[in-house]
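# What the coordinates show
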Amino acid sequence: YLVGTTYGRDVIFIQRTDTLLSSNKRSKETYNWNILVLDLHNVSLPHVYIEGRNRHKGNFYEALSMKNRELVELPYGFLSGYDRLYGDRFATRLSAVTASMFPSLMPPERAAVLAHHFHMFDYEWHDDTLYVYFLSNYPTLAQLENMVNAGAWLAGELDTPTVCDVDEDEN
């Protein structure tokens with residue numbers, strides 16, 4: 001557990017191990033998450049979870065759906081104009097009510113950077129907090145540095161209004 005500041009942001013780093021049991025099977029899944037938490041500046045974002053495909057198994061999704069019933073996977077149809085690699089590498093979950101906001105939160109250019117450079121991490125944001133997840137029992141210093149770089153970059157992007165966010169009355 002670490003608390004500090006980097007790139008002008010308050011950050012927390014924790015390592016969490018959890019064993020998930022299924023409600024209808026005897027199987028267990030154990031995960032060791034390295035979690036970087038970054039404060040965002042002057043934003044309040046809808047809940048979005050972007051996860052690497054095939055990173056988790058059934059018990060994880062069972063627990064996720066019970067805890068966050070509102071999160072549904074964004075269909076491929078919403079990703080037209082996006083780099084195919086983003087859709088191949090990530091599943092995006094958010095509320096159906098906020099699905100139309102996704103292109104302003106994660107424009108194609110931003111999604112392409114994640115897919116090409118930071119695809120080994122999972123991302124979640126809600127209100128004014130960004131979470132970056134990395135599954136590893138013993139992450140290397142290089143992996144942790146890359147995790148910090150990914151989080152700092154994405155936090156900066158989420159703090160920066162996109163063209164879709166600018167109110168036409170302000171021009």
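Just so it is clear, the model here is predicted, and its values are computed rather than measured.

### So, the sheet that holds strand E6 (residues 90–95)
Read across the open sheet, the eight strands follow the order E1-E2-E3-E8-E7-E4-E6-E5; overall the sheet is antiparallel. Every interior strand has two partners, whereas the edge strands, strand E1 (2–6) and strand E5 (71–73), have only one. Strand-to-strand twist of the sheet, defined as the mean angle between neighbouring strand axes without regard to direction, takes the value 25°. Pairing of strand E4 (residues 45–52) with strand E7 (residues 122–127) involves four bridges; the strand directions are antiparallel. Paired with Ile50 across the bridge in E7 is Tyr123. Sitting on the sheet, helix H5 (residues 141–159) is in contact with E1, strand E2 (9–21), strand E3 (28–39), E4, E7 and strand E8 (129–135), with an inclination near 155° to E8.

### Comments concerning the confidence of the model for the protein chain
Per-residue confidence for the protein chain gives a mean pLDDT of 84, with 85% of residues at or over 70. Ranking the helices and strands of the protein chain by mean pLDDT puts helix H4 (residues 108–117) first, with 96, and helix H1 (residues 58–67) last, with 60. Low pLDDT (under 50) marks residues 163–171, which in the prediction has three contacts with non-local residues, meaning those over four places away or in another chain.

### Overview of the layout of surface pockets
Taken as a whole, the second largest pocket spans an internal volume of roughly 210 Å³. Around the second largest pocket, the lining is made up of 13 residues, and of these Leu2, Phe13, Leu36, Leu144 and Val148 lie nearest the centre. At the level of elements, E1, E2 and H5 are the ones that each hand at least two residues to the lining of the second largest pocket. For the lining of the second largest pocket, the leading source of residues is H5, giving five residues. Class assignment for the residues of the lining of the second largest pocket results in 10 nonpolar, two polar and one charged.

### Thoughts on the nonpolar core
One recurring pattern in soluble globular proteins: nonpolar side chains tend to sit buried together. Counting 33 residues, the largest nonpolar core has Tyr86, Met106, Tyr123, Trp125 and Leu130 as the members making the most contacts within it. With five residues, the top contributor of residues to this core is H5. Each residue touching Tyr86, except ones within four places of it in the same chain, is listed here: Ile50, Leu79, Thr92, Phe102, Met106, Ala111 and Ala115. Core analysis: the second largest hydrophobic core is formed by eight residues, Leu20, Val37, Leu71 and Tyr133 among them.

The rules behind each value
- Residues numbered from 1 in each chain as written.
- Predicted model: local features only at pLDDT ≥ 70, side-chain atom pairs only at ≥ 80, totals over all residues.
- Heavy atoms only, no water.
- Pairing = 2+ DSSP bridges.
- Helix = DSSP H or I, 4+ residues; strand = E, 2+ residues; numbered from the N terminus.
- Axes fitted to C-alpha atoms, helices over the stretch in contact; angles between N-to-C directions.
- Contact = heavy atoms within 4.5 Å.
- pLDDT = per-residue confidence, 0-100.
- 1 Å grid on protein atoms, 1.4 Å probe; cavity = no way out; pocket = protein on both sides within 12 Å on 5 of 7 lines; lining within 4 Å.
- Points joined across faces, edges and corners; volume = space filled by probe spheres on them.
- Nonpolar A, V, L, I, M, F, W, Y, C, P; charged D, E, K, R; others polar.
- Core = buried A, V, L, I, M, F, W, Y, C linked by side-chain atoms within 4.5 Å.
- Buried < 20%, exposed > 50% of the residue type's maximum accessible area, 1.4 Å probe, protein only.

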